[in-house]
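Structure at a glance
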Amino acid sequence: MDLVAKYQGALGRVFGNENSGSSEDSYVERLLDRISNGVLAEDRRAAMLELQSVVSESHDGKMAFGAMGFPVILSVLKEERDDVEMVRGALETLVSALSPIDHVKGPPNVVQPTLMNSDLLSREVDNISLLLSLLSEEDFYVRYYTLQLLTALLTNSPQRLQEAILSIPRGITRLMDMLMDREVIRNEALLLLTYLTREAEEIQKIVVFEGAFEKIFSIIKEEGGSEGGVVVQDCLELLNNLLRNSASNQVLLRETMGFDQLLSILKLRGTTYRFSQQKTINLLSVLDTINLLIMGGPETDPGRDSNKLTSKTVLVQKRVLDHLFMVGVESQWAPVPVRCTALHCIGDLIANHPKNLEELASKRLGEEPDLEPALNSVLRILLRTSSKQEFMAADYLFKNFCQQNPDGQTMLASTLILQPQSMIHAPVEEDINMSFGSMLLHGLTTGENEGDLETCSRAASVLSHVIKGNNQCKEKVLRIELEAPTLGEPEPLLHRMVKYLALASSMKSKDGKSSTSENVFVQPIILKLLIIWLSDCPNAVQCFLDSRPHLTYLLELVSNPTTTVSVRGLAAVLLGECVIYNKSNASGKDAFSIVDAISQKVGLTSYFLKFDEMQKSSLFTSAKPFLPRKPLTRSTAASMAEIEDGGNESSDQNNEHPMLTSVFDSPFVYFLKRLEADIREKIVEAYSSPKSQVTVVPAELEQRSGEKDVDYIKRLKTFVDKQCHEIQDLLSRNATLAEDLAKTGGNNSSPLERKVSGGSDRVQLETLRRDLQEASQRIEMLKAEKTKAESETSTYKNLAGKTESDLKSLSDAYNCLEQANFRLEKEVKALKSGDIEALKEEAREEALKESEAELNDLLVCLGQEQSKVDKLSNRLRELGEDVDKLLEDIGDDAGADDADEDDEED
């Protein structure tokens, strides 16, 4: 293939001039001529050195080399292996041609020479095979530059290089052999293999088959484990590439090497408070490896669940929890990303795994005699940490512990015991002696005293996990009563949470400024707790409604335009639960009364609109199932290690607070959507079916099959009359409510009504007037429909009369036709019988006539023959013959002839 001609054509298409006359082109051309046709070896080497310098420093030099230089340089690599200096220079020149110039950034629409040169070099498989063969050369720099060149090719043309290496026999094997070479070459080979195995499944299988696991752990151990440098990071990245989407490789690692060498990297050696950036990256990479093993492979793999379960079991048996708790909980000097990732790993290890859940529940941390349950330590971190990311990681752990684990939920709920008054107001630092439940209650109640409800909301999030889907725990927590901060009667914990919900909107931060923008997550978290608490728990609904101001505040929260869309939507869901899970028959607290209150204070249309607004918000639309973290690479690891509070990563384009993503996770969003459908159905049913009335089925307006028009019209009249009566009843009811409202104004109003200002009274009166007006309009519309129905009835009657007359005329005509048909049939029969006799007689006469004529003809013929016979007889007699004898002889001959014929036939 003429590479020069092809590439010059490409340059001409890009730059519009195939015959470039630039000085760089001429200079590169002269250098290539000296290399190709030079006589003195020193001159050729000097030309190679100058060429490498021009190509590495000049953009035009790279372009000119791409147009003319590849055949010359490749020829050197093929034919001059003995001249090590020339081979080194050729490889260095190729590396320079494929490496970009850092300080030169051309326009984005201009073709980059490095990409074009890479494309040209990798186009032929023979070129890649030639480079791989150079790895067996003894010279150190030849092998080193060859690896650098392959890495540059892989960076610019990964797909083509991967395909080429796979097509070359022992291509991967030669690269794997470089891992056992000198340190510098080993590191380059390691980096190259890391790039090669990122997405190439076939290459991953071959690398594992060539003993990659043993070599990787050997290098990690040699480099010092987590204390090692970037080489350890590259080894772990290569290991993760081999495990990420391959369940078979995970099984192979578990059943051959085991997890001991992997977990040994997690051990904190030396001083545990020294965490360099590289050590942080190494630990994050190991945790990423453990997370891949926990995930069990790609979702499409049918054996994923089995593999995941086995890996979780083996990891916990190898005491991985000890290492994770040391890194994530006990080592307070560990960076935030490391602690958070360790907590996430613990949460994933225990998810849907009964044995691991039991192991965590019994786990204790610390040293004798100050051992403490591990869950208490995690809760303390959750309540105290200043990092939003660490809170979300600890919350994720508790969510996975409580999910589908009723025994664990019951165990945690059983510790919810109030401490003495002295301990309630004790500083947070003294919670070391508290049980899990007491610490949680302490966190729920300390926020109000400190003027900040963030701690309360964090504790509320944990409590929502403890009671979710467990009515026994809900009832247990429902019986908890807290002492009032000032003199007063104890109040249920549920009432205290509603109080904090109201305080969150007006709470001031420590600097005196409003903390609404900073603590925008407080109300949603408390609302989530209340929604989970009231779900399928009538006693909790009853407790919530025992205080009349609760319902008033909730109605105001739903219609408050200053709150966020998520708060209004969650408040609407909580209000709907007071309807669908309401078993009370008490006046003012039953479901029908709640629906009435929604209709009067908010309006059903506006109320249902809150659901639609929340579902269209970014929090709902962005809620997705848990996705695996992005792979750690050299480009992303450094930024990850520097994050002090990774919660900022979760902020979306709409500036939603990152902690809200932990509230609106995928399971909770799905739960809300299911709940919304039930709420809509129940409220519409309650609103459209007053206690004394029965809902009219819309099918009444349609004509039934086989129903006569007269009956249909009568039924329509009955329906209209019934509607008129019901509307009159509703009008009377509304008028009575309006009169009662007017009479109960001022000092005689009830406690609930006293909270409504005079403006609210006027709004209610206007609402009643609007309802009356709408009812009147509906009556007029029904009257118009009735008139229209009567008009249609008259039209149908006239049409029915006309149709009946037409049917009678048709019947008469049909009878006439029947009579005429009968008469004609009789005539046909008579005609048929007479014609037959006549035909017979005529046939007889014709037959007689024909037979007579034939007889006459025969007689004539016989007469003619007889006359002939007579003439012959007379003539014979004249001749003297005996006629009678001749006649006898003729008769005998005829009989003999007949006999002979019979014999022949026989």
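Residues numbered from 1 in each chain as written. Predicted model: local features only at pLDDT ≥ 70, side-chain atom pairs only at ≥ 80, totals over all residues. Heavy atoms only, no water.

1. Section: the overall build of the chain
Put simply, the rule is: Put simply, DSSP H or I for four residues or longer makes a helix, DSSP E for two residues or longer makes a strand, and each gets a number counted from the N terminus. Burial status follows relative accessibility: with a 1.4 Å probe on protein chains alone, a residue under 20% of its type maximum counts as buried, one over 50% as exposed, and anything between as partly exposed. Should any heavy atoms of two residues lie within 4.5 Å, those residues are counted as being in contact. In this description, accessible areas are obtained by the Shrake-Rupley approach with a 1.4 Å probe, and a residue is regarded as covered only by the protein chains that are shown.
On a plain count of helices and strands, the chain comes out with 44 helices and 4 strands. Within the chain, buried positions represent 45% of all 906 residues. Within the chain, residue pairs in contact and separated by at least 24 positions form 72% of the contacts whose partners lie at least 6 positions apart. Element-wise, carbon and sulfur atoms account for 51% of the exposed surface of the chain, whose accessible area totals about 48100 Å².

2. Side note on the side chain of D395
With respect to the secondary-structure elements, D395 resides in helix 24 (residues 388-402). Each residue touching D395, except ones within four places of it in the same chain, is listed here: L382, S461, V462 and H465.

3. Section: the pattern of salt bridges
Using the following cut-off: Here, a salt bridge means any Lys or Arg side-chain nitrogen found within 4 Å of an Asp or Glu carboxyl oxygen.
Taken as a whole and judged by the stated rule, the model has 29 salt bridges. Among the ionic pairs, D139 bridges to R88, the shortest N-O distance being 2.7 Å. Placement of D139 in the loop between helix 8 (125-133) and helix 9 (140-156) and of R88 in helix 6 (residues 84-98) is noted, with a sequence separation of 51 residues between them. What makes R88 partly exposed here is its relative accessible area of 27%. One connected set of salt bridges, linked through shared partners, spans R34, D43 and E50.

4. Considerations on the packing of helix 22 (residues 354-361) against helix 24
As a reminder, the rule being used: Axis lines are fitted to C-alpha atoms, over the contacting stretch for helices. Their N-to-C directions set the angle, which ranges from 0 to 180 degrees. Oblique is the label for every angle not falling under 35 degrees (roughly parallel), over 145 degrees (roughly antiparallel), or within 65 to 115 degrees (roughly perpendicular). What makes a crossing left-handed is the near helix being turned counterclockwise from the far one by less than a right angle; a clockwise turn instead makes it right-handed. Each residue gets one label: Ala, Val, Leu, Ile, Met, Phe, Trp, Tyr, Cys and Pro are nonpolar, Asp, Glu, Lys and Arg are charged, and the others, such as Gly, are polar.
Running from N to C, helix 22 and helix 24 cross one another at 125°; their axes reach a closest spacing of 10 Å. Judged by the angle between their axes, helix 22 and helix 24 are oblique. The hand of the helix 22/helix 24 crossing is left-handed. Of the residues in helix 24, those in contact with L357, L360 and A361 of helix 22 are L397, N400 and F401. Among the residues forming the contact of helix 22 with helix 24, the class breakdown is 5 nonpolar, 1 polar and no charged.

5. Notes on the packing of aromatic side chains
Counted only if it meets this: Two aromatic rings, drawn from Phe, Tyr or Trp (for Trp, its six-membered ring), form a pair once their centres lie within 6.5 Å of each other, and the interplanar angle then sorts them: stacked below 30 degrees, edge-to-face above 60, tilted otherwise. The criterion for a charge sitting over a ring is simple: Lys NZ or Arg CZ within 6 Å of the ring centre, and within 35 degrees of the ring normal.
Summed over all chains, the structure comprises 11 aromatic pairs. Here the aromatic rings of F65 and F70 are separated by 5.2 Å at their centres, their planes lie at 55°, and the arrangement is tilted. With respect to class, F65 is no different from F70; both count as buried. Here F140 and Y141 contribute two aromatic rings whose centre-to-centre distance is 5.2 Å and whose plane-to-plane angle is 80°, an arrangement assigned as edge-to-face. By relative accessible area, F140 is classed as buried at 14%. With relative accessibility at 39%, the residue Y141 sits in the partly exposed group. Among the aromatic residues, those joined into a cluster by ring pairs are F140, Y141, Y144 and Y145. Sitting over the ring of F275, K279 keeps its end group 4.6 Å from the ring centre. Over the ring of F668 we find K528; its NZ or CZ atom is 5.0 Å from the centre of that ring.

6. Some words on the confidence of the model for the chain
For clarity, the threshold we go by: A residue's pLDDT is the predictor's confidence in that residue, given on a scale from 0 to 100.
Mean pLDDT for the chain: 80, with 79% of residues reaching 70 or above. Here residues 741-763 scores under 50 on pLDDT; set against residues more than four positions off or in separate chains, the count is 12 contacts.

7. Some details on the side chain of N241
We apply this condition: Pairs of N or O atoms are called polar contacts if they sit within 3.5 Å, as long as, within protein, a hydrogen donor faces a hydrogen acceptor (for residues adjacent in sequence, only side-chain-to-side-chain pairs).
Inspection of the secondary structure puts N241 in helix 15 (residues 230-243). When its relative accessible area of 4% is taken as the criterion, N241 is described as buried. For N241, the side chain forms a polar contact with the main-chain oxygen of T194, separated by 3.0 Å. Aside from chain neighbours lying at most four places away, what touches N241 is T194, T197, R198 and Q204.

8. Some words on unusual backbone geometry
Only a minority of non-glycine residues have a phi that is not negative, and only a minority of peptide bonds are not trans. Within the chain, R170 stands out as a residue other than glycine whose phi angle is a positive 60°. For R170, the position within the fold is in the loop between helix 10 (158-167) and helix 11 (171-177). Here R170 falls in the exposed class, since its relative accessible area comes to 51%. At R319, a position not held by glycine, the phi torsion is positive, near 65°. Mapped onto the secondary structure, R319 falls in the loop between helix 19 (304-317) and helix 20 (320-330).

9. A few points about helix 22
Condition: Each C-beta atom gives one direction from the helix axis, and the arc is the one those directions make.
Every buried residue of helix 22 is accounted for by N356, L357 and L360. Looking down the long axis of helix 22, one finds its buried residues gathered within 105° of arc, a one-sided arrangement. Among the exposed residues of helix 22, those oriented more than 90 degrees off its buried face are P354, K355 and E358. Where helix 22 is buried, its residues contact helix 19, helix 20, helix 21 (336-350), helix 23 (374-384) and helix 24.

10. Thoughts on a negative patch on the surface
The criterion, for reference: A patch is a set of surface residues, each over 30% in relative accessible area and not in a salt bridge, joined within 9 Å for like charges and within 5 Å for the nonpolar side chains Val, Leu, Ile, Met, Phe, Trp and Tyr. This count recognises Lys and Arg as positive and Asp and Glu as negative, with His and chain-terminal groups excluded. By convention, the point assigned to a charge is CZ for Arg, NZ for Lys, CD for Glu and CG for Asp.
Among the surface-exposed residues, E842, E845, E846, E850, E854 and D857 lie close enough to one another that they form a single negatively charged patch. Along the chain, the position of E842 falls in helix 43 (residues 758-879).

11. Comments concerning a nonpolar patch on the surface
A grouping of L855, L858, L859 and L862 is seen on the molecular surface, where their side chains present a nonpolar patch of about 390 Å² in accessible area. For L859, the position within the fold is in helix 43.

12. Details of the nonpolar core
Test applied: To define a nonpolar core, start from buried Ala, Val, Leu, Ile, Met, Phe, Trp, Tyr and Cys residues and group those joined through side-chain atoms within 4.5 Å.
Residues W533 and Y607 are the most contacted members of the largest nonpolar core, which totals 219 residues. With residues up to four places along the chain from it excluded, the contact list for W533 reads I467, K474, V477, L478, L493, L494 and A540.

13. Thoughts on the packing of helix 34 (residues 565-580) against helix 35 (residues 591-601)
Interhelical geometry of helix 34 versus helix 35 gives an angle of 145° and a closest axis separation of 8 Å. Side by side, helix 34 and helix 35 meet where L575, C578 and V579 of the first sit next to A591, I594, V595 and I598 of the second. By residue class, the composition of the contact of helix 34 with helix 35 is 7 nonpolar, no polar and no charged.

14. Details of the state of the cysteines
Note the threshold: Two cysteine sulfur atoms make up a disulfide if the distance between them is within 2.5 Å.
On inspection of all chains with the given rule, the structure shows 0 disulfides. With no disulfide of its own, C402 lies 8.4 Å from the sulfur of C473, the closest cysteine sulfur.

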